[in-house]
Protein chains: 2
Amino acid sequence: MSYHHGNLAPALVAAGFTLARQGGTASVTVREAARRVGVSAPAAYRHFEDRDAFVAQVARCCRQELARTMMTARDRHRSPKRRFRATGRAYIEFAFDEPGLLECAFTPHQAHAWNAIAGATEECAADDPDAARVLIDVLDELHAAGVISTAQRPGAELVAWASVHGLAMLLAGTDRVAAAPAIERVLDGVEAALFG
Amino acid sequence: MSYHHGNLAPALVAAGFTLARQGGTASVTVREAARRVGVSAPAAYRHFEDRDAFVAQVARCCRQELARTMMTARDRHRSPKRRFRATGRAYIEFAFDEPGLLECAFTPHQAHAWNAIAGATEECAADDPDAARVLIDVLDELHAAGVISTAQRPGAELVAWASVHGLAMLLAGTDRVAAAPAIERVLDGVEAALFG
DNA sequence: CAGAACATGTTTACGATGTCAACATGTCGT
DNA sequence: ACGACATGTTGACATCGTAAACATGTTCTG
């Protein structure tokens, strides 16, 4: 209604999220996002340094969506081992359900993924779910329950994340049912590596 | 010298390879490759369906380069276990030495990676080294040596590849020496998963 | 050996994108 | 009320992918 949109940035990011969902990072374009929000393209540049900065925000959304998916899958179980496995499986399922989102989630600066694991926990509030946080939490549960030994605990995030993330990348675009055994095989491998 | 270049396609791919090395997939552009070869942009379209097809070829080169790196690292050792570990480590090292090439190697259609593992071995000749082939071979050595049990052998490619590929993705752009322990940790995890 | 079919390059051109500069229009503090 | 500031708009430019239409060698046939 008004000349000024009110909160353009979130609206643009939301539009970008939809674009990512449909066509992956490549189709996350400033112009198209602006178009969908009903605003001129340069307007976006009042809120984002450049396209990379915009995509980074969209990617953040994608990661949050992934985290939410993992959390709901995890919370369907009680035992730490089942919760762990459900978390990992959810990650891979996400690769099939939302290939565009997953691709976008980690393509921009892969450093995000690592940083998320390395130590960054302070940058995400309660309303900013983080996939790495979910993983770390469930690993802590396993540790607390004595399933993972104290000796094995350090670096467990990496082992789990690398396997699952790598598998998700490899399986992107393949047949879902054909991949099912592969998924279980890798999850078995992760468990064997961490406790087993 | 002549109006006709002679073998444009390979020249363009070589140029694309250099571009990938410097700036990753994003900077692999048909126009720039043509420019560097000293030819007009549309000329490239006599040899490649579209940009994706071109990038796919460049990616193939990148994968071959990776395979060569893995092979030379592997061949520095005799024992199957050491050869296996050297292969994996080389993959990760490649992520640090040639981030652009690694990104390009698997971004276009991740299906390549999976297909490479799934069954594709016939499409690569002796002069067309394949990273998946290298991995499979060294796993076969481990199996033959009795290090990997027959029960564990099936799907071992996936476990190894997913972990290492995922780790390489996660570590892209991080500090090399800081990441060293993480690398060993994940490699330990892979070994624990496959034989341990 | 001439010339036609073919492969391979070239020039031109169009539409889409990222992004800058200049201008317009609201909002808000004094 | 008025002027600073934030936020949008229009217009323009460079780069890209890529389609015609045209030019130039190469090669095969009569």
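See the structure shown above.
Residues numbered from 1 in each chain as written. Chains lettered and ligands numbered in written order. Predicted model: local features only at pLDDT ≥ 70, side-chain atom pairs only at ≥ 80, totals over all residues. Heavy atoms only, no water.

1. Some thoughts on the overall build of chain A
Then, number 1: For chain A, the helix and strand inventory stands at ten helices and zero strands.
Then, number 2: Relative to its full complement of 196 residues, chain A shows a buried share of 52%.
Then, number 3: Accessible surface for chain A amounts to roughly 9,200 Å². Of this, 52% is attributable to carbon and sulfur atoms. (Helix = DSSP H or I, 4+ residues; strand = E, 2+ residues; numbered from the N terminus. Buried < 20%, exposed > 50% of the residue type's maximum accessible area, 1.4 Å probe, protein only. Areas by Shrake-Rupley, 256 points an atom, 1.4 Å probe, with all protein chains shown as cover.)

2. A few points about the nonpolar core
Then, number 1: With 130 residues, the main nonpolar core has Phe84 and Leu194 of chain A together with Phe84 and Leu194 of chain B as its most contacted residues.
Then, number 2: With near-sequence residues (within four places) excluded, Leu194 of chain B lies in contact with Arg185 of chain A together with Phe84, Leu139, Ile148, Gln152, Ala156, Val159 and Ala160 of chain B. (Core = buried A, V, L, I, M, F, W, Y, C linked by side-chain atoms within 4.5 Å. Contact = heavy atoms within 4.5 Å.)

3. Observations regarding the protein's contact with DNA strand D
Then, number 1: DNA strand D sits among 24 residues. The nearest are Ser40, Arg46 and His47 of chain A together with Arg31 and Arg51 of chain B.
Then, number 2: Taking the atoms of DNA strand D that fall within 4 Å of the protein, sugar and phosphate contribute 52% of them.
Then, number 3: In this structure, a phosphate oxygen belonging to DNA strand D sits 2.7 Å away from a main-chain N or O atom of Arg51 of chain B.
Then, number 4: Within the residue set of the surface near DNA strand D, elements represented by two or more residues are helix H3 (41-44) of chain A together with helix H2 (30-37) of chain B.
Then, number 5: Of the residues forming the surface near DNA strand D, the biggest block, three residues, is contributed by H2 of chain B.
Then, number 6: For the surface near DNA strand D, the residue count by class is ten nonpolar, seven polar and seven charged. (Near = heavy atom within 4 Å. Polar contact = N/O pair within 3.5 Å; in protein donor to acceptor, adjacent residues only side chain to side chain. Nonpolar A, V, L, I, M, F, W, Y, C, P; charged D, E, K, R; others polar.)

4. Some points on the protein's contact with DNA strand C
Then, number 1: In the vicinity of DNA strand C there are 24 residues, among which Arg31 and Arg51 of chain A together with Ser40, Arg46 and His47 of chain B approach most closely.
Then, number 2: Atoms of DNA strand C within 4 Å of the protein belong to the sugar or the phosphate in 54% of instances, the rest to bases.
Then, number 3: At 2.4 Å from a base nitrogen of DNA strand C is found a side-chain nitrogen or oxygen belonging to Arg31 of chain A.
Then, number 4: Between DNA strand C and Arg51 of chain A there is a distance of 2.7 Å, counted from a phosphate oxygen to a backbone nitrogen or oxygen.
Then, number 5: Those elements that provide at least two residues to the surface near DNA strand C are helix H2 (30-37) and H3 of chain A.
Then, number 6: It is H2 of chain A that contributes the most residues to the surface near DNA strand C, three residues altogether.

5. Digging into the packing of helix H1 (residues 8-23) of chain B against H2 of chain B
All names here are of chain B.
Then, number 1: Relative orientation of the contacting elements H1 and H2 amounts to 115 degrees, with a least axis distance of 9 Å. Between H1 and H2 lies a crossing of right-handed hand. From H1, Leu8, Ala11, Leu12, Ala15, Gly16, Thr18, Leu19 and Gln22 reach across to H2, where they touch Glu32, Ala33, Ala34, Arg36 and Val37. (Axes fitted to C-alpha atoms, helices over the stretch in contact; angles between N-to-C directions. Left-handed = near helix turned anticlockwise from the far one by under 90°.)

6. Regarding the interface of chain B and chain A
Then, number 1: Across the contact, 29 residues belong to chain B and 29 residues belong to chain A.
Then, number 2: Both sides together, the interface formed by chain B and chain A hides about 2,400 Å², and carbon and sulfur atoms give 72% of it.
Then, number 3: Between chain B and chain A we count zero salt bridges in total.
Then, number 4: Our count for the contact surface shared by chain B and chain A stands at five residue pairs in polar contact (both at pLDDT 80 or more).
Then, number 5: Taken together, the elements giving at least two residues each to the side of chain B that touches chain A come down to helix H6 (111-118), helix H8 (156-171) and helix H9 (176-194) of chain B.
Then, number 6: Looking at the side of chain B that touches chain A, its residues break down into 20 nonpolar, eight polar and one charged. (Buried area = accessible area lost by both parts, 1.4 Å probe. Salt bridge = Lys/Arg side-chain N within 4 Å of Asp/Glu carboxyl O.)

7. Here's the deal with the environment of Ile148 of chain A
All names here are of chain A.
Then, number 1: Structurally, Ile148 is set in the loop between helix H8 (131-144) and helix H9 (156-171).
Then, number 2: The exposure class assigned to Ile148 is buried, which follows from its relative accessible area of 1%.
Then, number 3: Between the alpha carbons of Ile148 and Glu191 there is a distance of 9.5 Å; along the sequence they are 43 residues apart.
Then, number 4: Residues within four places of Ile148 in sequence aside, it is in contact with Leu139, Leu142, His143, Arg153, Leu194 and Phe195.

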